[in-house]
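What follows is each chain in one-letter form.
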Amino acid sequence: LAPGMRVLDLACGPGIVSTLLAEAVAPAEVIGVDLSDALLSEARAHASASGVSNVRFQQGNVYELDESLGQFDFIYTRFLFQHLADPQKALATILPRLTPGGRLCIVDIDDAWLTLSPEPAGFRSFTSQAAKGQAASGGDRHIGSKLGNLLQEAGFADVDVQVTTVTTRQLGMQNFLDITTGFKKEQIPADHREEAAKELAEIYGLVNDPNAWGFVGVFVATGVRGPG
């Protein structure tokens, strides 16, 4: 990133990263796009409170990006692709929104890289059921390790994938479990929720174990639009 680069933040949520991107590329424009009106309102309030004027937000769908948005030197999206039923369609929509030489950066996870030590007895069952629930609604808890292949198949050049490890020593066990595991109770199929509640309580028991560790791999995949 450099001053003067035009940036699109896809699935921008409350706009915290959008505002940071805007500070990095000022005076160029950053546009944050999200489906949620509520989150977009938060994003606008956050940008205003931060005194950042070169960012704006609008509602949009990754499958139907408005051509009036124009093209961007950099497109960023974090924790979106795990929710997409058709990631290739999304990439086909994103690619034309890049300038020739423009770069896409996707940040996402693969739950195969999520580990706890010591591992609670119900941990694998809980995460497996959550993955099934998300898959039933079109998502993929293992999208991270597939991103390189998806970008190449979609026609991106200079594809690269790196993995950053995030641990409980960085976040604390409570925060780590909230971010990686606790929210998954909403994805558990109805016929497994009673058992899943017990499994989740056991998992959160690690908060009281000062010797426990957790690790998760965050995949950072990038690709460039070629000159053609």
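Use the structure listed above.
Residues numbered from 1 in each chain as written. Predicted model: local features only at pLDDT ≥ 70, side-chain atom pairs only at ≥ 80, totals over all residues. Heavy atoms only, no water.

Asker: Which residues make up the overall build of the protein chain, and what are the values?
Answerer: Secondary structure assignment for the protein chain yields eight helices and eight strands. A compact globule built from 228 residues would reach a C-alpha radius of gyration of about 17 Å, and the protein chain, at 19 Å, matches this within 12%. Structurally, the protein chain occupies a C-alpha span of about 50 × 40 × 30 Å along its principal axes. The 228 residues of the protein chain split such that 47% are buried. Summarising the internal contacts of the protein chain: among those between residues at least 6 apart in sequence, 78% fall at separations of at least 24. Looking at the protein chain as shown, the accessible area adds up to about 10,700 Å², and 53% of this sits on carbon and sulfur atoms. Counting 17 positive and 27 negative side-chain charges, the protein chain places the centres of these two groups 1 Å from one another. (Helix = DSSP H or I, 4+ residues; strand = E, 2+ residues; numbered from the N terminus. Rg over C-alpha atoms; globule rule 2.2 N^0.38 Å. Buried < 20%, exposed > 50% of the residue type's maximum accessible area, 1.4 Å probe, protein only. Contact = heavy atoms within 4.5 Å. Areas by Shrake-Rupley, 256 points an atom, 1.4 Å probe, with all protein chains shown as cover. Lys, Arg positive; Asp, Glu negative; His and termini not counted. Charge placed at Lys NZ, Arg CZ, Asp CG, Glu CD.)

Asker: Summarise the nonpolar core; cite the residues concerned and give the values.
Answerer: Judged by nonpolar contacts, the single largest core of 26 residues is most densely connected at F81 and L104. Secondary structure elements with two or more residues in this core: β1 (7-10), β2 (30-34), β4 (72-78), α3 (87-94), β5 (98-109), α5 (147-153) and β8 (213-224). Not counting residues up to four positions away in its chain, the partners in contact with F81 are P87, A90, L91, I94, I106, D108, I143 and L147. Residues V17, A22, A43 and C105 belong to the second largest nonpolar core, which totals 19 residues. (Core = buried A, V, L, I, M, F, W, Y, C linked by side-chain atoms within 4.5 Å.)

Asker: Give me the packing of aromatic side chains: which residues, what numbers.
Answerer: Aromatic rings in a pair are described by how distant their centres are and how their planes are angled relative to each other. Using the criterion set out here, one finds three aromatic pairs in the structure. Relative to Y76, the ring of F74 has its centre 6.5 Å away and its plane inclined at 15°; by these criteria the two rings are stacked. Judged on exposure class, the residue F74 and its partner Y76 are both buried. On the numbers, 5.7 Å between centres and 10° between planes, the contact of W213 with F215 is stacked. Above the ring of Y63, the side-chain terminus of K89 is found at 5.2 Å from the ring centroid. Directly above the ring of W213 sits R169, whose terminal nitrogen or CZ lies 4.1 Å from the centroid. (Phe/Tyr/Trp six-rings, centres within 6.5 Å; stacked < 30°, edge-to-face > 60°. Lys NZ or Arg CZ within 6 Å of the ring centre and 35° of its normal.)

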